[in-house]
Amino acid sequence: MKGSRSLGDSALTVLAPVVWGSTYLVTTEFLPEGRPLLSSLLRALPAGLILVLIGRVLPKGIWWWRALVLGVLNIGAFFYLLFVAAYHLPGGVAALVMAIQPMIVLLLGAALLKERIRRMHVAACALGTAGVGLLVLQPNAGLNATGVIAGLLGALSMASGIVLTKRWGRPEGVGLLSFTGWQLTVGGLVLLPVTLIGEGLPGEITAENLWGFAYLGIIGALVAYAIWFRGVQRLPALTVSFLSFGSPLTATLLGWFVLDQSLSPLQILGALTVIASVALAQPRQPKQPEPEPDPDPGPERAAATSRESVKA
């Protein structure tokens, strides 16, 4: 029963990375060029404020600084670094760079959550990274130092956020939507002055841009992050991190369906390898030991056994 619940939680949680996988397509096709800070800000802040207004609950005590840390790691810094990587690298290459995230979660989980590093987990990390490599790397894939560094830092930011969210949990009496709203709002507020100073506001916003921002804010942030943080609370940290492989898989499939990009046999093999690594990292229900016979059945059971023998 517990195993089926875990699989159900995993199936729901993976919807968040699937949505995030569309970020690469939306960024390049719908958003203004060269605006990673603005894209990050408008993805986080409006959705966060909506959730805070709905929940009407603010952090208390130690949760003020915890919300600040989680908001920066999970939202503010991660969003910005994600968009920088998306602007400087092809979508698949950006996803490959960020595929190091489960390995970071594996190490941080051992240090902060006292989780054992198992050979199966190491094998799943290697298998998943290899699968993403087969999935997204092409002979003409461009590598840009700024994009690669941003992708690596983004993976570190998100991995740290996952582990700390798992370690701290959620304050008692605070709903999931409010908890999500805190982090989105903090991340957006951190990005606001940086955006105004570093980029300013664009001179023109098209209807296409508005649709892109609306999609990223409502679907990509408000809905997806509520699902994601639910999964972080219910599943092991490493399991959740492996589900993030759904992002490059989705990015590649969208490139195939929407942009008419071809899929080679190696890419198909990579997709199957990614799916295998995710399956390998799923939690498994331990086998229940069979009950041992009672060496001393007691007088009542002995009497009952004797009566049954007489009847026979």
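Structure: see above.
Report follows, based on the coordinates. (Residues numbered from 1 in each chain as written. Predicted model: local features only at pLDDT ≥ 70, side-chain atom pairs only at ≥ 80, totals over all residues. Heavy atoms only, no water.)

1. Overview of the layout of surface pockets
Link 1 in the chain: Roughly 320 Å³ of internal volume is contained in the second largest pocket.
Link 2 in the chain: Along the walls of the second largest pocket sit 16 residues, with Arg118, Met120, His121, Pro236 and Pro283 positioned nearest its centre.
Link 3 in the chain: Sorting the residues of the lining of the second largest pocket by element identifies helix H7 (101-112), helix H8 (119-136) and helix H12 (237-243) as the ones contributing at least two each.
Link 4 in the chain: When residues of the lining of the second largest pocket are assigned to their parent elements, the largest contribution, 3 residues, is made by H7.
Link 5 in the chain: The class makeup of the residues in the lining of the second largest pocket is 9 nonpolar, 3 polar and 4 charged. (1 Å grid on protein atoms, 1.4 Å probe; cavity = no way out; pocket = protein on both sides within 12 Å on 5 of 7 lines; lining within 4 Å. Points joined across faces, edges and corners; volume = space filled by probe spheres on them. Helix = DSSP H or I, 4+ residues; strand = E, 2+ residues; numbered from the N terminus. Nonpolar A, V, L, I, M, F, W, Y, C, P; charged D, E, K, R; others polar.)

2. Overview of the pattern of salt bridges
Link 1 in the chain: For the structure shown, the criterion picks out 2 salt bridges.
Link 2 in the chain: Residue Asp9 pairs with Arg230 through a salt bridge whose shortest N-O separation is 3.2 Å. Of this pair, Asp9 sits in helix H1 (residues 2-13) while Arg230 sits in helix H11 (residues 207-234); the two residues are 221 residues apart in sequence, bridging distant segments of the chain.
Link 3 in the chain: Its relative accessible area of 10% is what places Asp9 among the buried residues.
Link 4 in the chain: As a salt-bridge pair, Asp9 and Arg234 come within 3.9 Å of each other at their nearest N and O atoms. A residue pair is termed long-range when its members are at least 10 positions apart, and Asp9 in helix H1 and Arg234 in helix H11 qualify at 225 residues.
Link 5 in the chain: A single salt-bridge network, built from bridges that share partners, covers Asp9, Arg230 and Arg234. (Salt bridge = Lys/Arg side-chain N within 4 Å of Asp/Glu carboxyl O. Buried < 20%, exposed > 50% of the residue type's maximum accessible area, 1.4 Å probe, protein only.)

3. Quick word on empty space enclosed by the protein
In this approach a probe as big as a water molecule rolls over the atoms, and the regions it shows empty are the leftover space.
Link 1 in the chain: Summed over the entire model, instances satisfying the criterion amount to 1 cavity of 30 Å³ or more.
Link 2 in the chain: Computed from the structure, the largest cavity encloses a volume of approximately 210 Å³.
Link 3 in the chain: Lining the largest cavity are 15 residues, with Phe78, Met98, Gln101, Ser244 and Ser247 sitting closest to its centre.
Link 4 in the chain: Residue assignment for the lining of the largest cavity shows that the elements contributing at least two residues are helix H2 (15-21), helix H5 (63-88) and helix H13 (246-257).

4. Considerations on the packing of H7 against helix H9 (residues 145-168)
Link 1 in the chain: Between H7 and H9, the shortest axis-to-axis distance is 9 Å and the interhelical angle comes to 35°. Helix-helix and strand crossings are classified by hand; for H7 and H9 the assignment is right-handed. Residues Gln101, Ile104, Val105, Leu108, Gly109 and Leu112 of H7 touch H9, and the partners they reach there are Ala155, Leu156, Met158, Ala159, Ser160, Ile162, Val163, Leu164 and Arg167.
Link 2 in the chain: Broken down by class, the residue content of the contact of H7 with H9 amounts to 11 nonpolar, 3 polar and 1 charged. (Axes fitted to C-alpha atoms, helices over the stretch in contact; angles between N-to-C directions. Left-handed = near helix turned anticlockwise from the far one by under 90°. Contact = heavy atoms within 4.5 Å.)

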